[in-house]
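Residue-level structure breakdown
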Amino acid sequence: HRRFDYRPKTDPYCQARYTFCPTGSSIPVMKEKDVIEVYRLQAPVWEFKYGDLLGHLKIMHDAVGFKSSLTGKNYTMEWYELFQLGNCTFPHLRPGMDAPFWCNQGAACFYEGIDDAHWKENGTLVLVTTISGTMFNEMAKWVKYDNETGIYYETWTVQASPDKQSTVWFDSYECSKFILRMYQKLADLGAVFKKIQTNYTSIILFSGEPVYLGNETSIFGPLGNKTVAAAIRNFYYPFKPHWTVGEFFVDLLKIIDRVILNHQFYLFYNLEYWLLPMKFPYLKIVYEEVPLPIGNKTSFGV
């Protein structure tokens, strides 16, 4: 997943049904001698609206919690889409614009408090490590860097087959990946993690070797490839929001025809388009263990 030099301003066209990070605050500077508990937080996606529904499918959202021993204050940090999951996964086809229009930024959100009921009821709230105030402050600097350079949400992992050793063509970039990066940063700083099982959700597409198609300019620009441009627009059209059940089922048949019968999926990744020659079983949601990283006890006097 590519790093960028800066985060671009979002277009006013991109609108969220639910405000991104409504109670967000800046990350505080902790006193060096503080001892801070770090908690693994996980709950079903959209639990606030659908309860445990997506939890049964193991579609989970990840976050991390902190508790300062000096102040007693709790904090939550998570990484998610600025304009909801649908906008990050599929583009808008806007009138008068040849190229699909994406609202696919993601970012970190930090706020005071941990909603115990939200995380405990259908998910996880468990202590994973303890860090010093110095380590927390170093982590905060890393979060700022990560947030300014890793700016686009990516829903899909793309693999060659369901085999665990198979080639990963594209890796996702979503909430769980942020938590894994942050845990690794804490381990690099000296955090020693507990030996507990930690599982994460991945939505995987299965594909043969991807075919590079180009970027927005080379495909949709004045000298672009009109055939490829039309194919990409036609592919994304059925994924638009639906106002009636009838429209949904008509477009669902189109999606099945293109993805399963014609073995095609167009992926937008790092501002470039790729054609995925899809393979059975086409799509799978997995909830697999990713072990907590191994820390270094000598760092920062922990």
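Heads up: the structure comes first, above all this text.
Everything in this summary refers to the structure shown in the same document. (Residues numbered from 1 in each chain as written. Predicted model: local features only at pLDDT ≥ 70, side-chain atom pairs only at ≥ 80, totals over all residues. Heavy atoms only, no water.)

Side note on the overall build of the protein chain
Threshold: Per the convention used, a helix needs a DSSP run of H or I reaching at least four residues, while a strand needs a run of E reaching at least two, with both numbered from the N terminus. This radius of gyration counts C-alpha atoms alone. The globule rule is 2.2 Å times how many residues there are, raised to the power 0.38. Each residue is placed in one exposure class: buried if its accessible area under a 1.4 Å probe, protein chains only, is under 20% of its type's maximum, exposed if it is over 50%, and partly exposed if it falls in between. Only heavy atoms matter for contacts: two residues are in contact if any of them lie within 4.5 Å across the pair.
In terms of helices and strands, the protein chain carries eight helices and 11 strands. Relative to a compact globule of 302 residues, whose C-alpha radius of gyration would be 19 Å, the protein chain shows 21 Å and is just as compact. Here the protein chain holds 302 residues, and 47% of them are scored as buried. Sequence separation of at least 24 residues holds for 76% of the intrachain contacts in the protein chain that already meet a minimum separation of 6.

A look at the packing of aromatic side chains
Remark: the centre distance and the inter-plane angle together describe each pair of aromatic rings, the angle taken between the planes. The line we're drawing: Only Phe, Tyr and Trp rings are paired, with Trp represented by its six-membered ring, and only when their centres lie within 6.5 Å; those with planes under 30 degrees apart are stacked, over 60 edge-to-face, the remainder tilted. We count a charge as sitting over a ring when the NZ of a lysine or the CZ of an arginine lies within 6 Å of the ring centre and within 35 degrees of the ring normal.
All chains considered together, the criterion is met by 25 aromatic pairs. Aromatic side chains Phe 20 and Tyr 80 sit 4.7 Å apart centroid to centroid with 45 degrees between the ring planes, which places their arrangement in the tilted category. With Phe 20 in the segment before β1 (35-44) and Tyr 80 in strand β3 (residues 74-81), this pair connects stretches of sequence that are 60 residues apart. With a relative accessible area of 17%, Tyr 80 lands in the buried category. Between the aromatic rings of Tyr 212 and Trp 274, the centroid separation amounts to 5.1 Å while the plane-to-plane angle is 65 degrees, which identifies the pairing as edge-to-face. Of the two residues, Tyr 212 sits in strand β9 (residues 211-215) while Trp 274 sits in strand β11 (residues 272-289), which places them 62 residues apart along the sequence. Counting every residue linked through ring pairs, the aromatic cluster contains Phe 90, Trp 102, Trp 156, Phe 220, Phe 235, Tyr 236, Phe 239, Phe 265, Tyr 266, Phe 268 and Tyr 273. If you follow Arg 94 out to its NZ or CZ, it ends over the ring of Tyr 13, 3.7 Å from the centre.

Quick look at the environment of Glu 272
What counts here: Any pair of N or O atoms that falls within 3.5 Å is considered a polar contact. Within protein, one atom must be able to donate a hydrogen and the other to accept it, and sequence-neighbouring residues count only if both atoms are side-chain atoms.
On the secondary structure map, Glu 272 appears in strand β11. Each C-alpha atom, one on Glu 272 and one on Val 126, is 39 Å from the other, the two residues being 146 residues apart in sequence. Those residues within four positions of Glu 272 in sequence are excluded, and the remaining contacts are Tyr 212, Gly 214, Asn 215 and Leu 267. In terms of polar contacts, Glu 272 uses its side chain to reach the side chain of Tyr 212, at 3.3 Å.

Description of the state of the cysteines
Where we set the bar: Here, a disulfide means two cysteine sulfur atoms that sit within 2.5 Å of each other.
Tallied over the full model, the rule gives two disulfides. Here Cys 14 connects covalently by a disulfide to Cys 103, the sulfurs 2.0 Å from one another. Residues Cys 14 and Cys 103 are joined through a disulfide that is left-handed, its torsion about the S-S bond being -85 degrees. On the criterion of sequence distance, the pair formed by Cys 14 in the segment before β1 and Cys 103 in the loop between α2 (84-89) and β4 (106-112) is long-range, its members being 89 residues apart. Accessibility assignment for this pair places Cys 14 and Cys 103 in one class, buried. Two residues share a disulfide in this structure: Cys 21 and Cys 109, whose sulfurs sit 2.0 Å from each other. What sets the handedness of the Cys 21 and Cys 109 disulfide is the S-S torsion sign, and at about 85 degrees it is right-handed. One end of the pair, Cys 21, is in the segment before β1; the other, Cys 109, is in strand β4, and 88 residues separate them in sequence. The residues Cys 21 and Cys 109 share a single accessibility class, namely buried. For the protein chain, numbering the cysteines in disulfides from first to last along the sequence yields the connectivity 1-3, 2-4.

Remarks on the environment of Ser 202
Counting through the fold element by element, Ser 202 comes out in strand β8 (residues 199-207). Judged by its relative accessible area of 16%, Ser 202 falls in the buried class. Along the backbone, Ser 202 and Glu 174 are 28 residues apart, and their C-alpha atoms lie at a distance of 9.4 Å. Apart from residues lying up to four places away in sequence, Ser 202 is in contact with Thr 157, Lys 177, Lys 284, Ile 285 and Val 286.

What about the packing of helix α4 (residues 133-149) against helix α5 (residues 175-189)?
For clarity, the threshold we go by: For helices, the fitted axis covers only the stretch in contact; all axes are lines through C-alpha atoms, and the angles between them, taken along N-to-C directions, range from 0 to 180 degrees. If an angle is under 35 degrees, it is roughly parallel; if it is over 145, roughly antiparallel; if it lies from 65 to 115, roughly perpendicular; otherwise it is oblique. Whether a crossing is left-handed or right-handed is set by the direction in which the near helix is turned from the far one by less than a right angle, anticlockwise for left-handed and clockwise for right-handed. Side-chain classes are defined by residue name, with Ala, Val, Leu, Ile, Met, Phe, Trp, Tyr, Cys and Pro counting as nonpolar, Asp, Glu, Lys and Arg as charged, and the others, Gly among them, as polar.
Interaxial distance between α4 and α5 falls to 10 Å at its minimum, and their mutual angle equals 140 degrees. Considering their axes alone, α4 and α5 lie oblique with respect to each other. Remark: the crossing between α4 and α5 carries right-handed chirality. Together, Met 135, Glu 138, Met 139, Trp 142, Val 143 and Asp 146 of α4 and Phe 178, Arg 181, Met 182, Lys 185, Leu 186 and Leu 189 of α5 make up the contact between the two elements. Of the residues assigned to the contact of α4 with α5, the class counts are eight nonpolar, no polar and four charged.

Looking at the pairing of β3
Note the following rule: For two strands to pair, DSSP has to find at least two bridges joining them.
Among the eight residues in β3, seven count as buried, and that is most of the element. Where strand β2 (residues 60-68) folds back on β3, the antiparallel hairpin that results is connected by five residues, among which Gly 72 adopts a positive phi of roughly 80 degrees.

Overview of unusual backbone geometry
Note: most peptide bonds trans; most residues except glycine with negative phi. Looking along the chain, the bond that leaves Phe 280 and enters Pro 281 is cis, with omega of 5 degrees. Structurally, Pro 281 is set in strand β11. A positive phi angle, near 50 degrees, is found at Cys 21, a position not held by glycine. The phi dihedral of His 263 is positive, around 55 degrees, even though this residue is not glycine. Along the polypeptide, His 263 turns up in the loop between α8 (245-261) and β10 (264-269).

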